[in-house]
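Topology and contacts: notes
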Amino acid sequence: MAPALATPRLLAARIVTNLIRPGTGTALRVSKPSTPRLYHQPAVPESSIPIPSATARHPEIPPYPHGPHQVYHQSNTGLYGRQRIRFGNTVAVSAKHATKTRRAWRPNVHHKRLWSAALGVFVRTRVTTRVLRTIDKAGGLDNYLLGTKAARLRELGPWGWRLRWRVMQTDSVRERFARERRALGVRPREGDEELIARADLERAEREMGAAEFRSGEELVERMDAMLTGEEEFPIGEGVDDGVDGTVAMEAEAQAAAGSEAKETDKSQASDGAEAEGQGTPHTEGETPFRDEDFMKEETPTKAP
């Protein structure tokens, strides 16, 4: 009879039965090997390039010039700032002799979500408290990753190097580098002028929108104050010139009354002149005015 094939479940059962505690009948607990904690990074808005993984291979990313860390491999998947486990002794001093006990000091590592202004998302990563202080001092995650000193590049590690490459692919950072090349007089790369022109146009549109938004907010606040009765609003043409609206309205009323009085005087004077003209006789050589003259149609004269 052929032996039965050993399946993974049968193998696991055999291992557990072999690890039974003697005299108790209970099996020992088998611990699984620990797996590194992987993060699910968010998608970058308006971009098809994802945030690279800390462990997967990305052939499009240039290799890290200093290579992966051979000691304390956990630092290859986080921002540790060249920190690793340190070893030493704990010395207990007594009256007769001193005893030494071996111990280790591990880095103070935290799991954080760091904001990237260039990417527009929070990046999940493991980071030490020392690197957190450096990020705050540099002015944000982007400035920390884009540092140009040799010590900073060595401090980033493989994971920081990948994040640096991803940040450098954004339009804001590319436009920043293009402006720096222009200021230094370096030969521009292809597409630098288009990046700068597009960035200037977007900045102008944002400023115009912000100005309109501020004016709209002020108008809403003034209307709310008017409705609640906290502020009085003058109405009239003098408002734009800084003149009280009531004074402007009174001035307009006085001007209108004066013009009406002048028109009345003119009409009365013309009526009196017509009345006097009807009683005066015509002198010789003058043709009296008749209403029939208006009714006559002018006959066109033929040209000779």
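Counting restarts for each chain, with residues numbered from 1 along the sequence as it is written. Local features in this predicted model are restricted to residues of pLDDT 70 or higher, and side-chain atom pairs are both shown and tallied only at a pLDDT of 80 or more, whereas totals for entire chains, interfaces and linings draw on every residue. Side-chain numbers here rest on the full set of heavy atoms in the structure, without hydrogens or water.

As a reminder, the rule being used: UniProt positions are given in the numbering used here, feature names are shortened, and annotations may be inferred rather than shown by experiment.
Taking an unreviewed UniProt entry as the reference, the chain is identified by name as Large ribosomal subunit protein bL28m belonging to Phyllachora maydis. Quoted straight from UniProt, the Sequence similarities (unreviewed entry) entry for the chain says "Belongs to the bacterial ribosomal protein bL28 family."

1. Observations regarding the overall build of the chain
Filter applied, for reference: Secondary structure elements are taken from DSSP: a helix is a run of H or I of four residues or more, a strand is a run of E of two residues or more, and numbering for both begins at the N terminus. The buried label applies to any residue whose accessible area, calculated with a 1.4 Å probe on protein chains only, is under 20% of its type's maximum; exposed applies above 50%, and partly exposed to all values in between. Here, two residues are considered to be in contact whenever any of their heavy atoms come within 4.5 Å of each other.
A tally of regular secondary structure across the chain gives 8 helices and 4 strands. Counting helices and strands in the order they occur from the N terminus, the chain gives α-β-β-β-β-α-α-α-α-α-α-α. The proportion of buried residues among the 304 residues of the chain is 22%. Considering only contacts in the chain between residues 6 or more positions apart, those separated by 24 or more positions represent 46%.

2. Overview of the pairing of strand E4 (residues 121-128)
Stated precisely, the cut-off is as follows: Paired strands, in this sense, are two strands between which DSSP finds at least two bridges.
For E4, the buried fraction is high: 6 of the 8 residues fall into the buried class. By the bridge criterion, 8 bridges tie strand E3 (residues 109-116) to E4 in an arrangement that is antiparallel. What sits directly across from Val109, in E4, is Thr128. Between E3 and the antiparallel strand that follows it, E4, lie 4 residues; Gly120 among them carries a positive phi value of about 80°.

3. Looking at the confidence of the model for the chain
Detailed reading of the predicted coordinates is not advisable wherever pLDDT falls low. Using the following cut-off: Every residue gets a pLDDT, meaning the predictor's confidence in that residue, from 0 to 100.
Here the chain shows a mean pLDDT of 77. Residues at 70 or above account for 67%. Mean pLDDT across the elements of the chain bottoms out in helix H1 (residues 8-18) (50) and peaks in helix H2 (residues 129-138) (96). Below a pLDDT of 50 lies the segment residues 240-244, which in the model reaches 2 contacts outside its immediate sequence neighbourhood of four places, other chains included.

4. Points about H2
Short version of the rule: It is the directions from the helix axis to the C-beta atoms that the arc portrays.
Among all positions of H2, only Val131, Leu132 and Ile135 are buried. Take H2 and look down its axis: the buried residues cluster within an arc of 105°, on one side only. Residues of H2 that are exposed and point more than 90 degrees away from the buried face comprise Arg133, Asp136 and Lys137.

5. Here's the deal with the pattern of salt bridges
Where side chains of opposite charge bring their charged atoms close, a pairing between them can arise. This is how it is decided: Throughout this description, the term salt bridge denotes a Lys or Arg side-chain nitrogen within 4 Å of a carboxyl oxygen of Asp or Glu.
Using the criterion set out here, one finds 8 salt bridges in the structure. The salt bridge involving Glu175 is made with Arg179; its shortest N-O contact spans 2.2 Å. Here the residue Glu175 and the residue Arg179 both occupy positions in helix H5 (residues 171-184), the gap between them amounting to 4 residues, near one helical turn. You can call Glu175 buried: its relative accessible area is 11%.

6. A closer look at H5
Given 3.6 residues per turn, any residue in an α-helix points the same way as the ones three and four places further on. Where we set the bar: Expected helix span is given by 1.5 Å per residue-to-residue step, counting one fewer step than there are residues.
Its 14 residues place the ends of H5 20 Å apart at the C-alpha level, agreeing with the 20 Å of an ideal helix rising 1.5 Å per residue. Residues of H5 that are buried include every one of Val173, Glu175, Ala178 and Arg181, and no others. Once H5 finishes, Gly185 follows within two positions and takes phi at roughly 75°, a positive value.

7. A look at the packing of aromatic side chains
Where we set the bar: The rule is short: rings of Phe, Tyr and Trp, with Trp giving its six-membered ring, pair when the centres are within 6.5 Å, and they are stacked under 30 degrees, edge-to-face over 60, tilted in between. Lysine and arginine charges are scored as sitting over a ring when NZ or CZ, respectively, is within 6 Å of the ring centre and within 35 degrees of the ring normal.
According to the stated counting rule, one finds 3 aromatic pairs in the structure shown. Looking at Arg113, its charged tip hangs above the ring of Phe122, at a distance of 4.4 Å from the centre.

8. Digging into unusual backbone geometry
Its identity is not glycine, yet Tyr72 carries a phi of approximately 60°, on the positive side. Along the chain, Tyr72 falls in the loop between H1 and strand E1 (86-93). According to the relative accessible area criterion, Tyr72 is buried, its value standing at 13%. Although it is not a glycine, Arg82 adopts a positive phi angle of roughly 65°.

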